[in-house]
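These are the residues of each chain, in order.
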Amino acid sequence: MAPASQTSHSLEILREEAADCRACPLWKDATQTVFGEGPQHASLMLVGEQPGDKEDLAGRPFVGPAGQILDRALEQAGIERKKVYVTNAVKHFKFVPRGKIRLHQKPNTSEIRACRPWYERELSAIKPALVVAMGATAAQSVFGKIMPINKNRGRVIEFDDGTRALLTVHPSYLLRLPDADAKALEYQRFVDDFRMAAAVLRKSARAA
Ligand code: URA
């Protein structure tokens, strides 16, 4: 793989290069690299953790149960998913086999770091007005360090290069909540975070 500085910023070229990524061992067991998808000039970029079982098979991000929650929340916030660039901090599925099931495993710091150049290259190809990091792994990749979600949620954080970011929870977190009331409340907060993202985008479009 050529160094990032020597390669084109076209998303299609990035996608092709990422298909052969061997920067960490996760490629060995995964079906394929699941690269981001969406328009090259998206104003909003969403970052998740890593592909799950369904995404690994389909080769597309957020097409499984977490993706369904995400789609619903985006729609309620008035955001069209087809206009959004959706990607993951780690682009191969990490799992342990349990009989017929492949159990999701959280990526570790060295896997997140190994995959970060892809995020950086997606970011510089797209130059979105806003990045939303969903969950701790995404936040670690977007910010390059551990960022507690609850402490930093609800405010726009601006980087030196002008990139702006918001943090929210990962949609899988909502799936795992056992209590129905807590689930409804947390889902509403998730939608509210996307409403805030939509408001930030409207403001930045007006300012442009
Ligand atoms: N969870 C993620 O973080 N990303 C996906 O693409 C699917 C589930």
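Residues numbered from 1 in each chain as written. Predicted model: local features only at pLDDT ≥ 70, side-chain atom pairs only at ≥ 80, totals over all residues. Heavy atoms only, no water.

(A) Just the overall build of the chain, in detail. Of regular secondary structure, the chain possesses eight helices and seven strands. Radius of gyration (C-alpha) of the chain: 16 Å, near the 17 Å computed for a compact globule of 208 residues. With the C-alpha coordinates of the chain rotated into their principal frame, the extents come out at 45 × 40 × 30 Å. A total of 208 residues make up the chain; the buried ones form 50% of that total. (Helix = DSSP H or I, 4+ residues; strand = E, 2+ residues; numbered from the N terminus. Rg over C-alpha atoms; globule rule 2.2 N^0.38 Å. Buried < 20%, exposed > 50% of the residue type's maximum accessible area, 1.4 Å probe, protein only.)

(B) Quick look at the packing of aromatic side chains. In the structure shown here, the tally under the stated rule is four aromatic pairs. Ring centres of F190 and F194 lie 5.0 Å apart, and the angle between their planes is 80°; on these two criteria the pair is classed as edge-to-face. With F190 and F194 both in helix α8 (residues 180-207), this residue pair falls four residues apart, about one helical turn. According to the relative accessible area criterion, F190 is buried, its value standing at 0%. The exposure class of F194 is buried, given its relative accessible area of 0%. (Phe/Tyr/Trp six-rings, centres within 6.5 Å; stacked < 30°, edge-to-face > 60°.)

(C) Highlighting the pairing of strand β5 (residues 130-134). Within β5, five of the five residues are buried, which leaves it mostly tucked inside the rest of the structure. The two faces of β5 match: L130, V132 and M134 on one face and V131 and A133 on the other face are all buried. Alignment of strand β1 (residues 44-48) against β5, held across four bridges, turns out to be parallel. By the bridge assignment, M45 is partnered in β5 with V131. Sheet analysis places β5 next to strand β7 (residues 164-168), joined by four bridges and oriented parallel. (Pairing = 2+ DSSP bridges.)

(D) Up close: unusual backbone geometry. In this structure, F62 takes a positive phi of about 50° despite not being glycine. Along the chain, F62 falls in the loop between α2 (53-58) and α3 (65-76). The exposure class assigned to F62 is buried, which follows from its relative accessible area of 5%. With a phi angle near 50°, K127 is a residue other than glycine that sits in the positive phi range.

(E) Representation of the confidence of the model for the chain within the structure. Summing up the model confidence of the chain, the mean pLDDT is 95 and the portion of residues at 70 or higher is 96%. Under a pLDDT of 50 for its full length, residues 1-8 has, in the predicted model, nine contacts with residues more than four places off or in other chains. (pLDDT = per-residue confidence, 0-100. Contact = heavy atoms within 4.5 Å.)

(F) Focus on the site of the ligand. The local shell around the ligand consists of G48, E49, Q50, P51, G52, E55, P61, F62, N88 and H170. Separating an oxygen atom of the ligand from a backbone N or O atom of E49 is a distance of 2.7 Å. Measuring from a nitrogen atom of the ligand, one finds a side-chain N or O atom of N88 at 2.7 Å. Spatially, the ligand is embedded in the largest pocket. Its residues assigned to classes, the shell around the ligand comprises three nonpolar, five polar and two charged. (Near = heavy atom within 4 Å. Polar contact = N/O pair within 3.5 Å; in protein donor to acceptor, adjacent residues only side chain to side chain. 1 Å grid on protein atoms, 1.4 Å probe; cavity = no way out; pocket = protein on both sides within 12 Å on 5 of 7 lines; lining within 4 Å. Sits in = over half its atoms within 2 Å of the grid points. Nonpolar A, V, L, I, M, F, W, Y, C, P; charged D, E, K, R; others polar.)

(G) How the structure looks around empty space enclosed by the protein. Taken as a whole and judged by the stated rule, the model has one cavity of 30 Å³ or more. Roughly 80 Å³ of volume is contained in the largest cavity. For the largest cavity, the full set of lining residues is C21, R22, A23, C24, W27, V90, K91, H92, A114, C115 and W118. Taken together, the residues that form the lining of the largest cavity break down as eight nonpolar, one polar and two charged. (Points joined across faces, edges and corners; volume = space filled by probe spheres on them.)

(H) Representation of the packing of helix α1 (residues 11-18) against helix α4 (residues 109-126) within the structure. Interhelical geometry of α1 versus α4 gives an angle of 170° and a closest axis separation of 10 Å. Between α1 and α4, the crossing angle belongs to the class labelled roughly antiparallel. Contact residues: L11, L14, E17 and A18 in α1; W118, R121, E122, A125 and I126 in α4. Among the residues forming the contact of α1 with α4, the class breakdown is six nonpolar, no polar and three charged. (Axes fitted to C-alpha atoms, helices over the stretch in contact; angles between N-to-C directions. Parallel < 35°, antiparallel > 145°, perpendicular 65-115°, else oblique.)

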